[in-house]
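# A closer look at the structure
The chain contents come next:
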Amino acid sequence: MNKILLCRLSALFLTALSLTALGGCANANLVRVHPWERATLADYTMRPDRDPLATALGEHTYFSRESASGGRGVGGSGCGCN
Amino acid sequence: MSLPFKVRVRLLLFFSACLCLRAEVRVGDPFPSLSALAPAGAELPAGAGKVVLVDFWASWCAPCKESFHSYAQLQSDYRSRGLVIVAVSVDEKQSAFDAFVKKLSPPFMVLRDQGQQLVRQVSVPAMPTCYLLGRDGRVRFVHQGFRGVETDRAIRQETDLLLAENTSAHE
């Protein structure tokens, strides 16, 4: 086997390996903040609806401008548990 | 453009090493030792030759709180048959850990992973996650999250299977 063929084979293998490694970036399970590092995200102060008055005012504005009520956001904070 | 052969080989080794470093503990892998987590003067329950359930939890995780009631019942039902439950907290604050334990007062052993060394080593995929270890100390089942009765039923089925396995083979 000559050196050129060996180089081509190694380049092909390297490309395939790189694509496999980079494919992990598209994995749905990939997380930047690890599950055990979400204490701050799960804190009560991270909840957008923690202030009832501000929520009511926001809802009122939303209703007045959009003639819509409810259906804004989801419950819970950012711990991502389940 | 072509890279020199030596550079290619080095890149190849680098990518191979990167792939190998993804060290999430999976089914069939040996579970790391918990002995480093035991506080001074406290002894871990003897897990050698027993079925062990290791649960990773945090005080800020709502499903974790829910799971503790289920594990308490599991402990009461299976302790006499040889199941050992160890709950490992990933809380960064000792005060949060203490308040949670004081409030729920679990009947099983609760440890805190100070510095989050073990959880990094295990690379827990979600909170909570529990690992059922067979009598040989290897991971046999992994459960991500806690979904009430569904998770409880699955853990009981798997625990029954593990407890029914031949004990003499591991003695």
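Below, the structure is looked at part by part. (Residues numbered from 1 in each chain as written. Chains lettered and ligands numbered in written order. Predicted model: local features only at pLDDT ≥ 70, side-chain atom pairs only at ≥ 80, totals over all residues. Heavy atoms only, no water.)

Before going further, it helps to spend a moment on helix H1 (residues 3–23) of chain A. Residue and element names in this part refer to chain A. In this model, H1 (21 residues) spans 30 Å end to end at C-alpha, consistent with the 30 Å of a helix rising 1.5 Å per residue. Those residues of H1 that sit buried are Cys 7, Leu 14, Leu 17 and Ser 18. Taken down its axis, H1 places every buried residue within 105 degrees of arc, on the same side. Among the exposed residues of H1, those oriented more than 90 degrees off its buried face are Arg 8, Leu 12, Leu 19 and Thr 20. (Helix = DSSP H or I, 4+ residues; strand = E, 2+ residues; numbered from the N terminus. Expected span 1.5 Å × (residues − 1). Buried < 20%, exposed > 50% of the residue type's maximum accessible area, 1.4 Å probe, protein only. Arc of directions from axis to C-beta.)

This part covers the packing of aromatic side chains. Residues and elements named next belong to chain B. Per the counting criterion, the structure on display carries 10 aromatic pairs over all chains. Relative to Tyr 131, the ring of Phe 56 lies with its centre 5.9 Å away and its plane at 85 degrees, an arrangement referred to as edge-to-face. Pair noted here: Phe 56 is in strand S1 (residues 51–57) and Tyr 131 is in strand S4 (residues 129–133), with a separation of 75 residues, a long-range link. Using a relative accessible area of 0% as the deciding quantity, one classes Tyr 131 as buried. The structure contains a cluster of three or more aromatic residues connected by ring pairs, namely Trp 57, Phe 68, Tyr 71, Phe 97, Phe 100, Phe 108 and Phe 146. (Phe/Tyr/Trp six-rings, centres within 6.5 Å; stacked < 30°, edge-to-face > 60°.)

With the rule as written, the count across this model stands at 6 salt bridges over all chains. A:Asp49 is the partner of A:Arg47 in a salt bridge, and the nearest nitrogen-oxygen pair spans 3.2 Å. Notably, a salt bridge pairs B:Arg81 with B:Asp160, separated by 3.3 Å at the nearest N-O pair. Taken together, the residues span a long stretch of sequence, with B:Arg81 in the loop between helix H2 (62–78) and strand S2 (83–89) and B:Asp160 in helix H5 (residues 149–164) at a distance of 79 residues. (Salt bridge = Lys/Arg side-chain N within 4 Å of Asp/Glu carboxyl O.)

Here we take up the packing of H2(B) against helix H3 (residues 94–104) of chain B. Residues and elements named next belong to chain B. Relative orientation of the contacting elements H2 and H3 amounts to 40 degrees, with a least axis distance of 11 Å. In terms of orientation, H2 and H3 fall into the oblique class. Where H2 crosses over H3, the two elements pack in a sense that is right-handed. Counted together, Lys 65, Phe 68 and His 69 of H2 and Phe 100, Lys 103 and Leu 104 of H3 form the full contact between these two elements. Grouping the constituent residues of the contact of H2 with H3 by class yields 3 nonpolar, 1 polar and 2 charged. (Axes fitted to C-alpha atoms, helices over the stretch in contact; angles between N-to-C directions. Parallel < 35°, antiparallel > 145°, perpendicular 65-115°, else oblique. Left-handed = near helix turned anticlockwise from the far one by under 90°. Contact = heavy atoms within 4.5 Å. Nonpolar A, V, L, I, M, F, W, Y, C, P; charged D, E, K, R; others polar.)

This brings us to the state of the cysteines. Linking two cysteines covalently via their sulfur atoms produces the bond known as a disulfide. Residue and element names in this part refer to chain B. A full pass over the atoms with the stated rule returns 1 disulfide over all chains. Disulfide partner of Cys 61: Cys 64, at an S-S distance of 2.3 Å. Negative torsions about the S-S bond denote left-handed disulfides, and the value of about 85 degrees found for Cys 61 with Cys 64 makes this one right-handed. According to the relative accessible area criterion, Cys 61 is buried, its value standing at 1%. Cys 130 takes part in no disulfide bond, and the closest cysteine sulfur to it belongs to Cys 64, at a distance of 11 Å. (Disulfide = S-S within 2.5 Å.)

Once that is clear, we can look at the interface of chain A and chain B. Note on interface size: it is often stated as the accessible area lost on association of the parts. Counting from both sides, the interface comprises 19 residues of chain A and, opposite them, 23 residues of chain B. In this assembly, chain A packs against chain B so that about 1,800 Å² is buried in total across both faces, 71% of it on carbon and sulfur atoms. Applying the counting rule to chain A against chain B returns 1 salt bridge. A:Glu37 is paired through a salt bridge with B:Arg120; the nearest N and O atoms lie 3.5 Å apart. (Buried area = accessible area lost by both parts, 1.4 Å probe.)

Time to look at a nonpolar patch on the surface. Residue and element names in this part refer to chain A. A surface patch of nonpolar side chains, about 290 Å² in accessible area, is lined by Leu 5, Leu 9 and Leu 12. Along the chain, Leu 9 turns up in helix H1. You can call Leu 9 partly exposed: its relative accessible area is 44%. (Patch = residues over 30% accessible without salt bridge, like charges linked within 9 Å, V, L, I, M, F, W, Y side chains within 5 Å. Areas by Shrake-Rupley, 256 points an atom, 1.4 Å probe, with all protein chains shown as cover.)

All names here are of chain B. Taking 1.5 Å of rise per residue, the 17 residues of H2 would be expected to cover 24 Å, and the 25 Å separating its terminal C-alpha atoms lies within 8% of that figure. The set of residues buried in H2 consists of Pro 63, Cys 64, Ser 67, Phe 68, Ser 70, Tyr 71, Leu 74, Gln 75 and Tyr 78. Residues of H2 that are buried make contact with S1, S2, H3, strand S3 (109–112), S4 and H5.

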